[in-house]
Amino acid sequence: MAKKVTKKQDKEEESLGKFILDVVIMMAVILGVFYVLFNFVLSNDRVSGPSMQPTFEDNDRLIAVRNFTPKRNDVVVLLAPKAANDVPGAYYIKRVIGLPGDKLVSKNDKMYVNGKLLPEPYLENHFKKANNTEGQTYTNNFTYKVPKGYYWVMGDHRDISKDSHIFGPVKRQNLVGKVKFRYWPFNKIQGF
């Protein structure tokens, strides 16, 4: 005896098939949007090392915007210059201190940009206080004129940071993102 198929069963099977197809299409669209977003607009980065302490700690997770105009005090993700002698393709997280054409003078833990004192509240931390207590400066003394098309970047943990005072200025094309948001650890979620 042949099984009788009702219109209701046909519609249920058609409805289930349409639902599955809709879910697959929706997932493909969502994955496509995330792919485009995180390959061309945003980057998902992880802090590795202590050079930005206490602002950022090892293993903090960050979101950076890829298209931006660098400004002083921006925290940026950059491709490590060859002069840094790091693994090819390594990325650093540093703070922009000097813009193209700026004259920088660091003297006695004070940074002057074009003759004006640069406020650096992010340096008021226990690392700097420990250095000063031991009679050491937290930031090396130097004078430098930033060339056109380059930026001077430094870590917030100045006495251990591998930054422009070691490898020199960074080309604009090597600044790949501006940090906008820390999402990990959850107790330190913060926008920048």
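Just so it is clear, the structure is predicted and the values come from calculations on it, not from any experiment.

Moving on, we get to the UniProt feature "transmembrane region" (unreviewed entry) in the protein chain. Per the UniProt annotation, the sites labelled "transmembrane region" (unreviewed entry) are residues 20–42. With 96% helix and 4% strand, residues 20–42 has its two end C-alpha atoms placed 31 Å apart.

Counted under the stated rule, the structure contains seven salt bridges. Arg-72 is the salt-bridge partner of Asp-102, the closest N and O atoms lying 2.5 Å from each other. Of this pair, Asp-102 sits in the loop between β4 (91–98) and β5 (103–107) while Arg-72 sits in the loop between β2 (61–65) and β3 (75–79); the two residues are 30 residues apart in sequence, bridging distant segments of the chain. Note on Asp-102: relative accessible area 6%, which makes it buried. Exposure remark for Arg-72: the relative accessible area of 27% places this residue in the partly exposed category. With a closest N to O distance of 3.4 Å, Asp-74 and Lys-178 form a salt bridge.

This brings us to the side chain of Asp-156. Structurally, Asp-156 is set in the loop between β9 (150–154) and α3 (164–167). Among the polar contacts made by the side chain of Asp-156, one reaches the side chain of Thr-55 at a distance of 2.5 Å. Looking at Asp-156, its side chain comes within polar contact range of the side chain of Arg-95, at 2.8 Å. Those residues in contact with Asp-156 that lie beyond four places of it in its chain are Ser-51, Met-52, Gln-53, Thr-55, Arg-95, Tyr-122, Leu-123, Asn-125 and Tyr-138.

So, about the UniProt feature "active site" (unreviewed entry) in the protein chain. Within the UniProt annotation, "active site" (unreviewed entry) is assigned to Ser-51 and Lys-94. A stretch of 44 residues holds the annotated residues, and the largest C-alpha distance among them is 8.0 Å, short enough that they meet in one place. As for the annotated residues named above, the ones lining the largest pocket are Ser-51 and Lys-94. The topology assignment puts Ser-51 in the loop between β1 (42–46) and β2. Residues within four places of Ser-51 in sequence aside, it is in contact with Ile-93, Lys-94, Gly-155, Asp-156, His-157 and Ser-161. A polar contact of 2.9 Å, which involves the side chain of Ser-51, links it to the side chain of Lys-94. Ignoring sequence-local partners within four residues, the contact set of Lys-94 consists of Ser-51, Met-52, Asp-74, Val-75, Val-76, Leu-78, Val-153, Met-154, Gly-155, Ser-161, Lys-162 and Asp-163.

The rules behind these values
Residues numbered from 1 in each chain as written. Predicted model: local features only at pLDDT ≥ 70, side-chain atom pairs only at ≥ 80, totals over all residues. Heavy atoms only, no water. UniProt positions renumbered as here; feature names shortened; annotations may be inferred. Helix = DSSP H or I, 4+ residues; strand = E, 2+ residues; numbered from the N terminus. Salt bridge = Lys/Arg side-chain N within 4 Å of Asp/Glu carboxyl O. Buried < 20%, exposed > 50% of the residue type's maximum accessible area, 1.4 Å probe, protein only. Polar contact = N/O pair within 3.5 Å; in protein donor to acceptor, adjacent residues only side chain to side chain. Contact = heavy atoms within 4.5 Å. 1 Å grid on protein atoms, 1.4 Å probe; cavity = no way out; pocket = protein on both sides within 12 Å on 5 of 7 lines; lining within 4 Å.

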